[in-house]
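Descriptive structure summary
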Amino acid sequence: MFPGYLFFAALLGVAHSVSLPSFHVAAKESATALLERRGKWWAQVGDRVYHSPPPELGLSPDSKSYYYALGSRAAVPKALQAHRVGGEGRLHIFHLPAKEV
């Protein structure tokens, strides 16, 4: 699982051009075992399992660059909208590498 900080903030989700790779939780056991053998991180959010992105996505492979927040999709600050890379329902995942925080 990845480390994150729980922010109790109202959040607004918009279409994002880059998302973390994910798969349905039904494939979790075999897929997460493979990720772990390769030294990759993963996190389950609802019915999806998100994991370390490949280099071509332009996202950091470091789990410390990702944060999660709980709240409504109706109030994400504009500054965070472009950083949302995953989530489900009221749980959101943001990519905020140290150089941009």
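Cut-off values and rules
Residues numbered from 1 in each chain as written. Predicted model: local features only at pLDDT ≥ 70, side-chain atom pairs only at ≥ 80, totals over all residues. Heavy atoms only, no water. Helix = DSSP H or I, 4+ residues; strand = E, 2+ residues; numbered from the N terminus. Contact = heavy atoms within 4.5 Å. Phe/Tyr/Trp six-rings, centres within 6.5 Å; stacked < 30°, edge-to-face > 60°. Buried < 20%, exposed > 50% of the residue type's maximum accessible area, 1.4 Å probe, protein only. Pairing = 2+ DSSP bridges. Axes fitted to C-alpha atoms, helices over the stretch in contact; angles between N-to-C directions.

1. Considering the side chain of Thr32
- Mapped onto the fold, Thr32 is located in helix H1 (residues 28-37).
- With residues up to four places along the chain from it excluded, the contact list for Thr32 reads Phe23, Trp42 and Val49.

2. Some points on the packing of aromatic side chains
- Scanning the entire structure with this criterion turns up one aromatic pair.
- Centre to centre, the rings of Trp41 and Tyr66 are 5.1 Å apart; their planes meet at 50 degrees, and the pair counts as tilted. Taken as a pair, Trp41 in the loop between H1 and strand E3 (42-45) and Tyr66 in strand E5 (residues 66-70) lie far apart in primary sequence, 25 residues in all.
- Relative accessible area serves as the criterion here: at 1%, Tyr66 is assigned to the buried category.

3. Some words on the sheet that holds strand E4 (residues 48-51)
- Here we have three strands laid out as an open sheet, ordered E2-E4-E3, and antiparallel in their pairing. Sheet topology places strand E2 (22-24) and E3 at the edges, where each strand pairs with a single neighbour. Across the sheet, the mean angle separating the axes of adjacent strands is 25 degrees when strand polarity is ignored.
- Relative to E4, E3 runs antiparallel, the two being bridged by four bridges. Considered in E4, the bridge of Ala43 is made with Tyr50.

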